[in-house]
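Structural overview
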Amino acid sequence: FIQMLRSAKKRDVLQLLRRAPEEMLPFVMEAAVAAQSVASLAALSDFLDFGKEPKSLLEKFLYAAAFSPRPSGELLRLVLDKLDGKQLAPEVQETGIVAMGSLIGKLCQQKLCGLQQEVERGVETILRGLRGAEEESEVVIYLLALGNAVLPETIPSLLDHAEEGPAPITAAAISALRRFPARHISGKVKQAMRRIFHEKRKSYEKTCRLAAAEILLDNEPSPMDVINILLAANELETETATFLLLKVQNSLR
């Protein structure tokens, strides 16, 4: 079916979307996303009205885009165009932001980061949204998107949120940092994780401290880091100390 859609003209795909029975429509739409031909994406663009369609259908489209294994720049452009400047239901907006991050990350894995204007536009959209976010839950969504995108240039912003934010924001920022390969876990990142784990500037929730310790232990820990984490573990409750001890043992193997 997907192969058929790849060779179909825009008007045929559009007709298929418009005439599909309600229960079949999500399947046809997901197939059109998977086809990723110029015609199928143009048909989707005409078909999907983000101001009118039911939320569930829009979310299905965004999930299909986010889970696309080898997305194109055109698919990211379609998502960006559909989200741009629209007053959307919060769930649709959130799914769209996370999908955007996922598409950017996969395009960069395909070495298409620098070649696609859409990637630049997507990153700027996420960073602008993060700067303007007022609600804690909004900030967390943008941080999740950055975690999906895995772009080294966003690490300074992630570090700021990790150190300064309240617990949910700190947790989301550290979670995003954990997705980066070891070559991007620089001395600056490690210093920030030490400050969080050892609570140098302020106190942090236990889960945030453990996540910071994991980044240190999973990325070529220095002997001093290992010693300091073990010393700190003595002051923590048994369950947490045991978890850290196991992490230390694994990192030393």
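Rules of the game
- Residues numbered from 1 in each chain as written.
- Predicted model: local features only at pLDDT ≥ 70, side-chain atom pairs only at ≥ 80, totals over all residues.
- Heavy atoms only, no water.
- Helix = DSSP H or I, 4+ residues; strand = E, 2+ residues; numbered from the N terminus.
- Buried < 20%, exposed > 50% of the residue type's maximum accessible area, 1.4 Å probe, protein only.
- Contact = heavy atoms within 4.5 Å.
- Areas by Shrake-Rupley, 256 points an atom, 1.4 Å probe, with all protein chains shown as cover.
- Lys, Arg positive; Asp, Glu negative; His and termini not counted.
- Charge placed at Lys NZ, Arg CZ, Asp CG, Glu CD.
- Axes fitted to C-alpha atoms, helices over the stretch in contact; angles between N-to-C directions.
- Parallel < 35°, antiparallel > 145°, perpendicular 65-115°, else oblique.
- Nonpolar A, V, L, I, M, F, W, Y, C, P; charged D, E, K, R; others polar.
- Salt bridge = Lys/Arg side-chain N within 4 Å of Asp/Glu carboxyl O.
- Arc of directions from axis to C-beta.
- Phe/Tyr/Trp six-rings, centres within 6.5 Å; stacked < 30°, edge-to-face > 60°.
- Lys NZ or Arg CZ within 6 Å of the ring centre and 35° of its normal.

1. Quick notes on the overall build of the chain
- When you go through the chain residue by residue, the secondary structure sums to 15 helices and zero strands.
- If one aligns the C-alpha atoms of the chain with their principal axes, the spans along those axes are about 65 × 35 × 35 Å.
- Here the chain holds 253 residues, and the buried ones make up 49% of them.
- A separation of at least 24 residues holds for 65% of the contacts in the chain among residues at least 6 apart in sequence.
- Counting every atom, the chain has about 13300 Å² of accessible surface; 52% of that belongs to carbon and sulfur.
- In the chain, which carries 32 positive and 33 negative side-chain charges, the distance between the mean positions of the two groups comes to 6 Å.

2. Let's talk about the packing of helix α4 (residues 38-47) against helix α6 (residues 73-83)
- Here α4 crosses α6 at 10°, and the two axes come no closer than 10 Å. Taken together, the axis directions place α4 and α6 in an arrangement best described as roughly parallel. For the pair formed by α4 and α6, the contact residues are Leu41, Leu44 and Ser45 on the first element and Glu74, Leu75, Leu78 and Lys82 on the second.
- Its residues placed into classes, the contact of α4 with α6 shows four nonpolar, one polar and two charged.

3. Re the pattern of salt bridges
- One pass over the full model with this rule turns up 15 salt bridges.
- Among the salt bridges present, the one from Glu124 reaches Arg131, with a minimum N-O distance of 3.0 Å.
- Overall, Glu124 belongs to the partly exposed group, its relative accessible area being 35%.
- The residue Glu163 makes a salt bridge to Arg201 at a minimum N-O spacing of 3.5 Å. Of this pair, Glu163 sits in helix α10 (residues 155-164) while Arg201 sits in the loop between α12 (187-197) and α13 (206-218), and the two are 38 residues apart along the sequence.
- Under the relative-accessibility criterion, Glu163 is labelled buried at 7%.
- Several salt bridges share partner residues, and in doing so they unite Arg178, Glu214, Asp218 and Lys247 into one network.

4. A short note on the environment of Ala133
- For Ala133, the location among the structural elements is in the loop between α8 (117-132) and α9 (136-149).
- When residues no more than four places from it in sequence are discounted, the contact partners of Ala133 are Glu138, Val139 and Tyr142.

5. Regarding helix α14 (residues 223-233)
- Restricting attention to buried positions, one finds in α14 the residues Asp225, Val226, Ile229, Ala232 and Ala233. One face of α14 carries all of its buried residues, which in axial projection span an arc of 135°. Seen from the buried face of α14, the exposed residues on the opposite side, beyond 90 degrees, are Pro223 and Met224.
- Elements in contact with the buried residues of α14: α12, α13 and α15 (238-252).

6. Here we look at the packing of aromatic side chains
- Evaluated as defined, the whole model comprises two aromatic pairs.
- Relative to Phe61, the ring of Phe50 lies with its centre 6.2 Å away and its plane at 90°, an arrangement referred to as edge-to-face. In this pair, Phe50 sits in the loop between α4 and α5 (55-66) while Phe61 sits in helix α5, placing the two residues eleven residues apart along the sequence.
- According to the relative accessible area criterion, Phe61 is buried, its value standing at 0%.
- The interplanar angle of 15° and the centroid separation of 6.3 Å between the aromatic rings of Tyr63 and Phe67 together place this pair among those described as stacked.
- Judged by relative accessible area, which is 43%, Tyr63 ranks as partly exposed.
- The ring of Phe197 has Arg209 lying over it, and the distance from NZ or CZ to the ring centre is 5.1 Å.

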